[in-house]
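# Structural overview
The residues making up each chain are set out below.
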Amino acid sequence: MADTAAIDSAPIAAALPESRDDKALQRKIFLGLAVLLVVAPLVLYPVYLMKVLCFALFALAFNLLLGYGGLLSFGHAAYFGMASYLAAYSAKVWGLTPEVAILLGTVTAAVLGLVFGALAIRRQGIYFSMITLALAQMAFFFALQAKFTGGEDGIQAVPRGNLFGVVSLADDRAMYALVATVFFLGMLAIYRIIHSPFGQVLKAIRDNENRAVSLGYRVNQYKLAVFVLSATLAGLAGATKAIVFQLASLTDVHWSMSGEVVLMTLVGGMGTVFGPIVGALVIVTMETYLAQFGAWVTVIQGCVFVLCVLLFREGVVGLIARKIRKPL
Amino acid sequence: MMTIFGVPTQALFGQLLLGLINGSFYAILSLGLAIIFGLLNIINFAHGALYMMGAFVAWMLLTYFGLGYWWALGLAPLVVGVFGIILERVLIARLYKLDHLYGLLLTFGLALIIQGLFRNQYGVSGLPYAIPAELSGGQRLPFMFLPNYRAWVVVASLAVCIATWLVIEKTKLGAYLRAATENPTLVQAFGVNVPLFLTLTYGFGVALAGFAGVLAAPIYSVNPNMGADIIIVVFAVVVIGGMGSILGSVITGFALGLVEGLTKVFYPEASSTVIFVIMVLVLLVKPAGLFGRTA
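This structure is a prediction, so every number in the text was calculated from the model and none was measured.

Cut-offs applied
- Residues numbered from 1 in each chain as written.
- Chains lettered and ligands numbered in written order.
- Predicted model: local features only at pLDDT ≥ 70, side-chain atom pairs only at ≥ 80, totals over all residues.
- Helix = DSSP H or I, 4+ residues; strand = E, 2+ residues; numbered from the N terminus.
- Rg over C-alpha atoms; globule rule 2.2 N^0.38 Å.
- Buried ≥ 20, exposed ≤ 12 C-beta atoms within 10 Å, placed from the backbone.
- Contact = placed C-beta atoms within 7 Å.
- Nonpolar A, V, L, I, M, F, W, Y, C, P; charged D, E, K, R; others polar.
- Expected span 1.5 Å × (residues − 1).
- pLDDT = per-residue confidence, 0-100.
- Axes fitted to C-alpha atoms, helices over the stretch in contact; angles between N-to-C directions.
- Parallel < 35°, antiparallel > 145°, perpendicular 65-115°, else oblique.
- Left-handed = near helix turned anticlockwise from the far one by under 90°.

A word on the overall build of chain A. The number of helices and strands found in chain A is 13 helices and two strands. Its C-alpha atoms give chain A a radius of gyration of 19 Å, within 12% of the compact-globule value 20 Å for 328 residues. Principal-axis analysis of the C-alpha atoms gives chain A an extent of 55 × 45 × 40 Å. Of all 328 residues assigned to chain A, the portion counted as buried reaches 51%. If you take every contact in chain A between residues at least 6 apart in sequence, the share linking residues at least 24 apart comes to 78%.

Structure follows, in structure tokens:
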């Protein structure tokens, strides 16, 4: 296969060097986000906010792999969805408390990510994407046929239960507090990973894999590690979502979910710290308002994909970052 | 009644035939994907949607214009091919200098749009399309009943695959194509209009998908989701076979269809996942794919 075609622009905008100033700005944004998380439920509907936060965490996890590892997974619904099934099942049937159920779902996603990741990184580029998609489709058929997932019905009426066996999550405000905490910690973890030495090596691999190999890095171990981390955090988002909406269904493992998270990241800005949050906000809001148009949602999503790829590859946050000349 | 391993021969050969038919579609679709990828370096996610479009064009020709199956077999690939050429000129051509992943994302978006539009217009229940009168009925073979139409699908797909292979391997046009796949810049320096070649190749690749759609229309109902279901399996087929060889992708397609058919007989629960399982095994044993060259 001809791999000789000149590639003018790397998939992700080349990272600008970060100064202490930039870190201070990012810290301010984190602080602002924390304040927003506290204030938002006073103004907006908490269930809508929780949906945004779950998908934002999902998109952040996905972006860790795509934006910093340079790996386009087209099967992230598998980790999101299987974690959501396990959390829902363990909370409903085994009666586990929500935090244990979420943890169990997250661990499931980590294990699945380890297995699928080990297979997928055996190929590169476009094949990697096709393999992740095919593996996720396998997970979808498993969910469709397995007894415990409830097939077409999914697992419904999952109890939110009592956090640590004490605090009831039936109240939306209590639930919101948990989701906001999970989201914020997840986001901080991803920020930490990106800026760690591990994250630096990842970026080096993304920008030039051969050079990273020649510098003596075991590229595949790094790729697998970031794949597992990404799957784990996607699972955390999926498991939390199952408890919030008291539902795990085939929608969560379907390939269209994998496409949706790609879209969120693309709209917000691949390879930016805050982009996926903006992307999730935009897409979830769009879907909430367009739900009445039925199948047109798919058409509109497709159009957004096409327009973003052709005209707006940096995404919202990527564009802002370029304008103010600071990495976001 | 004759049985093999406790399975009636009628059921066994029936499923094998069905597998061979699915295999025909896998072969034609992965062939198109391989040709497009070879030259354009783009994985055409819209391939499934264009296959579905081929089936719908056949249905529309019959319903709105009264043009039957044989007309559709010629016209539908043409319509899909021209549509593909427009897509390539207007949208895809803008991405050649970018990373591969943008091509995948763009064509994924296109697939969503095409599928969504057809779903809005025709619903998801599927529309019937009759087998042409010339091919109705079947042959009573000693071990099974062979419907004529199904035999025709296998023969027609094989013929198209072999014809495509001959054009690419044995004609001057095919030589240009192979050369441009290896080194587009050099070929352009020799005075070949490479951009035109890219456009025509994409058109031809998706026309193949449209042709498969027409073949599929009388077997499966014409349904907006038919492309989405098959494209992921075809991706797995492509990973298994590797896209380096035309004949390789054809053989892989047919073989995997047969394996899927066999699984339906002996272990039906696994029939929807068996191709993915084989993909996993191939990745473990021969990561570059059965016919792939190691990069």
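This brings us to the interface of chain A and chain B. Reports of interface size often rely on the accessible area that becomes lost once the parts have come together. Each partner contributes to the interface: chain A provides 44 residues, whereas chain B provides 43 residues. Among the elements of the structure, α5 (125–145), α10 (255–268) and α12 (296–311) of chain A are those that each provide at least two residues to the side of chain A that touches chain B. The dominant element in the side of chain A that touches chain B, judged by the number of residues it contributes, is α5(A), at 13 residues. Here the residues of the side of chain A that touches chain B sort into 29 nonpolar, eleven polar and four charged.

A word on helix α1 (residues 9–40) of chain B. All names here are of chain B. The end-to-end C-alpha distance of α1 is 45 Å, a good match for the 46 Å that 32 residues give at a rise of 1.5 Å each. Counting buried positions over the 32 residues of α1 gives 25, a clear majority of the element. The positive-phi residue at the C-terminal boundary of α1 is asparagine 41, with phi of around 60 degrees.

This part takes up the confidence of the model for chain B. Confidence along chain B averages 89 in pLDDT terms, with 98% of residues attaining 70 or more. In the model output, the complex is listed with pTM 0.89 alongside ipTM 0.87.

We now examine unusual backbone geometry. Residue Gln246(A) is not a glycine yet carries a positive backbone phi of 55 degrees. At Asn41(B), a position not held by glycine, the phi torsion is positive, near 60 degrees. Within the secondary structure, Asn41(B) is located in the loop between α1 and α2 (47–65). By the C-beta count within 10 Å, which is 23 here, Asn41(B) ends up buried.

It is worth spelling out the packing of α1(B) against helix α5 (residues 148–170) of chain B at this point. Axes are the key here: two packed helices are described by the angle between their axes and the distance separating the axes. Residues and elements named next belong to chain B. Axis separation between α1 and α5 bottoms out at 9 Å; the angle between their running directions is 25 degrees. By the criterion of interaxial angle, the relationship of α1 to α5 is roughly parallel. Taken as a pair, α1 and α5 cross one another with a handedness that is left-handed. Two secondary-structure elements touch here, α1 through Leu17, Leu20, Ile21, Ser24, Ala27, Ile28 and Leu31 and α5 through Arg150, Val153, Val154, Ser157, Val160, Cys161 and Thr164. Of the residues belonging to the contact of α1 with α5, the class tally is ten nonpolar, three polar and one charged.

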